[in-house]
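What follows is the residue order along each chain.
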Amino acid sequence: MMATRNAEAYAAANKTYEWGFSSDIEQEFAPKGLSEDTVRFISAKKGEPQWMLDWRLKAFALWQTMEAPDWSKLNVPPIDYQDAYYYAEPKAKPKLGSLDEVDPEILRVYEKLGIPIGEQKMLAGVVEDPLNEDGTPKRRVAVDAVFDSVSVATTFRKELEAAGVIFRSISEAIKEYPDLVRKWLGKVVPQRDNYFATLNSAVFSDGTFVYIPEGVRCPMELSTYFRINAENTGQFERTLIVADKGSYVSYLEGCTAPMRDENQLHAAVVELVVLDDAEIKYSTVQNWYPGDENGVGGIYNFVTKRALCQGKNSKVSWTQVETGSAITWKYPSCVLAGDGSVGEFYSVAVTNNRQQADTGTKMIHLGKNTRSTIVSKGISAGRSDNTYRGLVRVAPTAEGVRNFTQCDSLLLGDQCGAHTVPYIEVRNPSAQIEHEATTSKISEDQLFYAMSRGLDAEAAVALIVNGFAREVLQQLPMEFAVEAQKLLGISLEGSVG
Amino acid sequence: MAAVMELPSTREESWRWGDPAAIAAAAGLPRGEAPAGAWFLELEGARAVFVDGVLDEGRSDLRHVAIAPLEGGTHVLGARTTGHGWSLRVEAHASAELIQIVHIATGGENHVPAEIVLADGAQASVVETYVGTGWSNRSTRMTLGAGAKLARAVRLLQTAGFVSVRDEADVGAEASLIVTMLGAGDAGTRIDGAITVSGDDAFAEYGGALLARRDQRQECALSVRHAALNGQSKQIWRAVAADTSTASLAARVEVARDAQKTDGVQSLRGLLLKRTATVNLKPELEIFADDVKCAHGATVGELDQRALFYMQSRGIPHAKAQALLTRAFVGDAFAQIADETVRDAFVADADAWLEAAL
Amino acid sequence: MLKIENLHAEIDGKEILKGLSLEVNAGEVHAIMGPNGAGKSTLGYVLGGRPGYEVTSGSVTFDGVDLLELEAHERAAAGVFLGFQYPVEIPGVSNVQFLREALNAQRATRDEKALSGGEFLKLARGQADLLGMDYDMLKRPVNVGFSGGEKKRNEMVQMGIVNPKFAILDETDSGLDIDALRVVGDGINRIMRAPDKAVLLITHYQRLLDYVEPDFVHVLADGRIVRSGGKELAQQLESEGYVGIAA
């Protein structure tokens, strides 16, 4: 059995991206290239109101005046923005309902993706809550599945609606809740924020909108699966979550993408708004195609994620497990404006082969007695580079700020790099800012000890790495924790000899 | 001042917290009288006085120090120093006498290059003091042969203007470099350091304290690069900011692919004395070798309020209590100064600053 | 059960074991004693399969299988347990998680069914109780923050859970106070004293042997067994020292 397991592991490590496949659903494309016409096409395709089109056009005009960012530690080949499609949708748009009504091809994709059976059933909305092994009820997950750019199915809508929760694709929300969307869209990440956020503002295809009304604790975990499925199609998701006073929501996001030879661009924007005493927990497992062992192919993942803790005692917790993408560039951040608001960032980033990850967070303390915690665990293997880049800023008005930052790097092998680039900018003396960082490798003692108890080398490494990342993994909702642990091991296969 | 126009922009990463405008302003200060004072420490050895970048022979006793044409290197500020500067070359296994250098500026800009070249097993110590006003710009290249030892202590005490110091060092096998900086004047400060640990089993310590007040901006941008086996480095820095000042520390440890068994220690700590002040820290690691120990810590905060109250309750006035605690905070950065007289001078400089600032 | 013949082993090119031969049969407890630097720990590591220890000649068979051909984890699965002199800390990985994965990996190799979480916990809790280890320590990261004595006790709990055929216990008595020594000694007897099992105790002092009575005592000096005898040899060593006996 052991031998079989190993053989499978090596096959997976040496050969392919496990989930690298593409399905051949007919696509409807926007014309290749990027122009004002592309923007108008997307907006028309989605039947958007004039204000939305105007907003997009303004962003596009801005984008044309901007320069691509300075890549710091990343080595990014030049991107030809005219050589890509900016919009694609599955031709037959199924109505929400049972599994039978969804394109069977799409269902097969979900199966290959490994969406748990339970969730697939939930997607159909046909089963009671299954119980966990120990008899406790399993938490429920509502899945708004994004297939390429268009949302094709939403579940549990009724129950969510009964609670007053709005959970829609953003295109639907623009039409159904224009006032809410207009009020908050671009308020956390302004159109001119950065090159990729501006691009996203112009051409975003779809995404998710969530509104949790005052005092409501969202009755289930919300989850969206993103996929890129069309050759040369940039993926420009837009997510907006508004948590009204005293509300709570846990949102899960997981990504995989099919194998491609050409590099694919992804530039998502996620905006979170949190009012008084509200909390959003946002968890991500990112496992997009990382490219092969020579660095060919793989997703370029340039994401802008930011939360505005506007209300008093509001809280945002970002948790991310980043194992995929050829290049990852993302800094889920918190603007802590409300007095007593709390920002958290828990991150595990794994890079192997030729992957490059530059990720971290910004904690902007504006309100009094705001607190933030940053725990970053970077794991580098192969010939990869893994960078933590973070900013903790304390404004003069922010009395009593507390921040604790822990950045740990683990190197597997001597051909990779681990970098820590923290910025600390403090303008109020009552702040207490602490930053600690360590760099280590897996010691031979640890490996031998684990192996002498019966684990093979791969299993020993996976175990030790999971221990290293534990503080972050335990922040994940149960549904993701197991998957994430598996991912860490899989991502590092072939990295120890 | 055409040259000033070519100063770097704060858009550049290493000048993120920099203040190029202050350099231009300092260079524009009119030349005036040299300040009076006894700037040399009571220590035997060679002495050199530069007034606005020119050696004052009457007040100097060069002994083994030479004046020679030197290159300023490629650094944006360091490059401007190309010209005549001071040179210390010590033969293998020789110990040079202590060298004291006082840089007096009266206004305008002045640029001086320097080199310290220690052959295998050679030893030297250097104390430098900057006073006056204007823009004083220096570059110092330090080359340490195998087993060489250099201790260098630099006091930045100009009362106005700007002092920019560019240091480059190459530390050979089993050599030891210890540089201690103190910014305790009223001038803007920019310390640029690029230290390379190029020989196996070598040691480099580059640290100090920046004490900023009024509208001053003091900053240090330092990188220590480990390019050899078994190297050890320390960057112990303390930043204190009062009034509307800004003190910034950007310190980096780089570990090259082959520099296994490196032990790089970094401790950056900031103390804010007023809510209008700013401390910026950037403790950076860039690591390409897997068998290394690079622990670093950074903290920013204010003085321990309980300790302050405790001291006050025992009768110590608030300002005095602040001064005592701040002194203790800063003191860590001077611990590596081996010469007691030099260390006492650093502590006295810091005390004088605290007396005035608090 | 274990047969070592003319074993030569080196580390970093330095020969430590210089022709060691030893045979251990089922049901026997052997003690290896010897001065510092004799090669006692090296013997444990070579038998455990630690990378970096190179066997230059000789052979080791375990139940007829060439032990030296197996990787460390395969030796564990075959039933060999190495109790470490300095148990290793693994931050973030709980004892329970570590041992369950290890045990199930061993069971998988032997084509045995994996233990469920519940079954494993019951087993682990039982062993911890028997060795007087607080159950909370099972939930803590492997050896992190454990005292020297706690680490040794943890090794014994691990041994109880894994239930090996053959245990090599390297200086298991070091760092133990007198009460802990009794508990650990009782543990070894309980877990390993069986007709189908055997133990190789590597120790510097005689005191553990008061609790775990050896059938054979060997003196290891300069990479070779220089003298063998019954338990009385240990007492003789204690009173006369190694110098006289090894010479």
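- With an unreviewed UniProt entry as reference, chain C is termed Fe-S cluster assembly ATP-binding protein, source organism Sphingomonas aerolata.

- An unreviewed UniProt entry lists chain A under the name Iron-regulated ABC transporter membrane component SufB, with Sphingomonas aerolata as the source organism.
- Quoted straight from UniProt, the Sequence similarities (unreviewed entry) entry for chain A says "Belongs to the iron-sulfur cluster assembly SufBD family."

**A few points about the overall build of chain C**
Alright, step 1. Counting its secondary structure elements, chain C contains eight helices and 12 strands.
Alright, step 2. Taking 18 Å as the expected radius of gyration for a compact globule of 247 residues, we find that chain C reaches 18 Å, a close match to that expectation.
Alright, step 3. When the backbone C-alpha atoms are referred to their principal axes, chain C occupies close to 55 × 40 × 35 Å.
Alright, step 4. Each of the 247 residues in chain C was classed as buried or not, and the buried ones make up 53%.
Alright, step 5. Counted over contacts in chain C with a minimum sequence separation of 6, partners at least 24 positions apart contribute 68%.
Alright, step 6. Only carbon and sulfur atoms are counted for the fraction: they give 48% of the accessible area of chain C, which is about 10,100 Å².
Alright, step 7. Counting 26 positive and 36 negative side-chain charges, chain C places the averaged centre of each group 4 Å from the other.

**Quick look at the overall build of chain A**
Alright, step 1. Helix and strand counts for chain A come out as 13 helices and 24 strands.
Alright, step 2. The proportion of buried residues among the 497 residues of chain A is 64%.
Alright, step 3. By sequence separation, contacts in chain A at least 24 residues apart represent 84% of the contacts at least 6 residues apart.
Alright, step 4. By element, 49% of the accessible surface of chain A is carried by carbon and sulfur atoms, the whole surface being about 17,800 Å².

**With respect to the interface of chain A and chain C**
Alright, step 1. Between chain A and chain C, the residue contacts involve 19 residues of the former and 33 residues of the latter.
Alright, step 2. For chain A, the biggest contributors to the area lost against chain C are Phe448, Tyr449 and Arg453 of chain A; these three give 37% of the whole.
Alright, step 3. At the junction of chain A with chain C, the criterion picks out two salt bridges.
Alright, step 4. One salt bridge in this structure joins Arg50 of chain C and Asp445 of chain A, with 2.2 Å as the shortest N-O distance.

**What about the side chain of His226 of chain B?**
Alright, step 1. Note that His226 of chain B resides in strand β12 (residues 217-226).
Alright, step 2. Here the side chain of His226 of chain B touches Ser233 of chain B through a polar contact of 2.8 Å, side chain to side chain.

**What to know about the sheet that holds strand β1 (residues 2-11) of chain C**
Residue and element names in this part refer to chain C.
Alright, step 1. Ordered by their spatial adjacency, four strands build an open sheet running β2-β1-β4-β5, and the pairing between neighbours is antiparallel. Here the strands that pair on one side only, and so sit at the sheet edges, are β2 (14-24) and β5 (65-66).
Alright, step 2. Where β1 meets strand β4 (residues 53-62), eight bridges bridge the pair, whose relative direction is antiparallel. From the neighbouring strand, Leu2 faces β4, where its bridge partner is Phe62.

**Some points on the environment of Val210 of chain A**
Residue and element names in this part refer to chain A.
Alright, step 1. Tracing the backbone shows Val210 in strand β6 (residues 207-212).
Alright, step 2. For the pair Val210 and Leu272, spaced 62 residues apart in the sequence, the C-alpha separation amounts to 9.4 Å.
Alright, step 3. Apart from the residues lying within four places of it in its own chain, the contact partners of Val210 are Val165, Ile166, Phe167, Leu222, Leu240, Ile241, Val242 and Tyr251.

**Description of helix α9 (residues 195-203) of chain A**
Residues and elements named next belong to chain A.
Alright, step 1. The element α9 is largely enclosed, with a buried count of nine among its nine residues.
Alright, step 2. Those residues of α9 that fall on the buried side of the exposure criterion are Tyr195, Phe196, Ala197, Thr198, Leu199, Asn200, Ser201, Ala202 and Val203.
Alright, step 3. Structurally, the start of α9 carries an N-cap: the backbone nitrogen of Phe196 is 2.9 Å from a side-chain oxygen of Asn194.

**Regarding the interface of chain B and chain A**
Alright, step 1. Listed as interface residues are 33 residues of chain B and, on the opposing side, 37 residues of chain A.
Alright, step 2. Counting the surface lost from both chain B and chain A, the interface buries some 2,800 Å², and carbon and sulfur atoms represent 47% of this.
Alright, step 3. Taken together, the links from chain B to chain A amount to three salt bridges.
Alright, step 4. Only β16 (278-287) and β17 (293-301) of chain B provide two or more residues apiece to the side of chain B that touches chain A.
Alright, step 5. When residues of the side of chain B that touches chain A are assigned to their parent elements, the largest contribution, 10 residues, is made by β16 of chain B.
Alright, step 6. Split by residue class, the side of chain B that touches chain A holds 15 nonpolar, seven polar and 11 charged.
Alright, step 7. Bridging between strand β24 (residues 432-441) of chain A and β17 of chain B involves five bridges; their strand directions are antiparallel.

**Focus: the side chain of Ser452 of chain A**
All names here are of chain A.
Alright, step 1. Take Ser452: it is sitting in helix α10 (residues 444-452).
Alright, step 2. Classification of Ser452 as buried rests on a relative accessible area of 4%.
Alright, step 3. Here the side chain of Ser452 touches Tyr449 through a polar contact of 2.9 Å, landing on its backbone oxygen.

**A look at the nonpolar core**
Alright, step 1. Ranked by internal contacts, the top residues of the largest apolar core, which has 111 residues, are Phe166 and Leu201 of chain C.
Alright, step 2. Considering every element that reaches this core, the biggest residue donor is helix α11 (residues 457-468) of chain A, with seven residues.
Alright, step 3. In this structure, Cys407 and Ala431 of chain A together with Ala46 and Ala122 of chain B belong to the second largest nonpolar core, which totals 107 residues.

**Description of the sheet that holds strand β12 (residues 224-229) of chain C**
Residue and element names in this part refer to chain C.
Alright, step 1. With respect to topology, six strands assemble into an open sheet ordered β6-β9-β10-β3-β11-β12, the strand pairing being mixed. Each edge of the open sheet carries a strand with a single partner, namely β6 (80-83) and β12. For this sheet, the mean inter-axis angle between neighbouring strands, taken without regard to orientation, is 20°.
Alright, step 2. Here helix α6 (residues 148-162) sits on the sheet and contacts β6 and β9 (166-170); the angle it forms with β6, its principal contact strand, is near 170°.

**Examining unusual backbone geometry**
All names here are of chain C.
Alright, step 1. Of note in this structure, Asp63 is not a glycine but carries a positive phi near 50°.
Alright, step 2. Residue position: Asp63 is located in the loop between β4 and β5.
Alright, step 3. Judged by its relative accessible area of 41%, Asp63 is partly exposed.

**As for the pairing of strand β18 (residues 356-359) of chain A**
Residues in a regular strand point their side chains to alternate faces of the sheet.
All names here are of chain A.
Alright, step 1. By the alternation rule, side chains of β18 split into Gln356 and Asp358 and Ala357 and Thr359, which are all buried.
Alright, step 2. Relative to β18, strand β15 (residues 327-330) runs parallel, the two sharing four bridges. Bridge pairing in β18 places Thr328 opposite Ala357.
Alright, step 3. In this sheet, strand β21 (residues 385-394) lies alongside β18 in parallel orientation, the contact comprising four bridges. Looking at the pairing, Thr359 lines up with Tyr388 of β21.

Parameters at a glance
- Residues numbered from 1 in each chain as written.
- Chains lettered and ligands numbered in written order.
- Predicted model: local features only at pLDDT ≥ 70, side-chain atom pairs only at ≥ 80, totals over all residues.
- Heavy atoms only, no water.
- UniProt positions renumbered as here; feature names shortened; annotations may be inferred.
- Helix = DSSP H or I, 4+ residues; strand = E, 2+ residues; numbered from the N terminus.
- Rg over C-alpha atoms; globule rule 2.2 N^0.38 Å.
- Buried < 20%, exposed > 50% of the residue type's maximum accessible area, 1.4 Å probe, protein only.
- Contact = heavy atoms within 4.5 Å.
- Areas by Shrake-Rupley, 256 points an atom, 1.4 Å probe, with all protein chains shown as cover.
- Lys, Arg positive; Asp, Glu negative; His and termini not counted.
- Charge placed at Lys NZ, Arg CZ, Asp CG, Glu CD.
- Buried area = accessible area lost by both parts, 1.4 Å probe.
- Salt bridge = Lys/Arg side-chain N within 4 Å of Asp/Glu carboxyl O.
- Polar contact = N/O pair within 3.5 Å; in protein donor to acceptor, adjacent residues only side chain to side chain.
- Pairing = 2+ DSSP bridges.
- Nonpolar A, V, L, I, M, F, W, Y, C, P; charged D, E, K, R; others polar.
- Core = buried A, V, L, I, M, F, W, Y, C linked by side-chain atoms within 4.5 Å.
- Axes fitted to C-alpha atoms, helices over the stretch in contact; angles between N-to-C directions.

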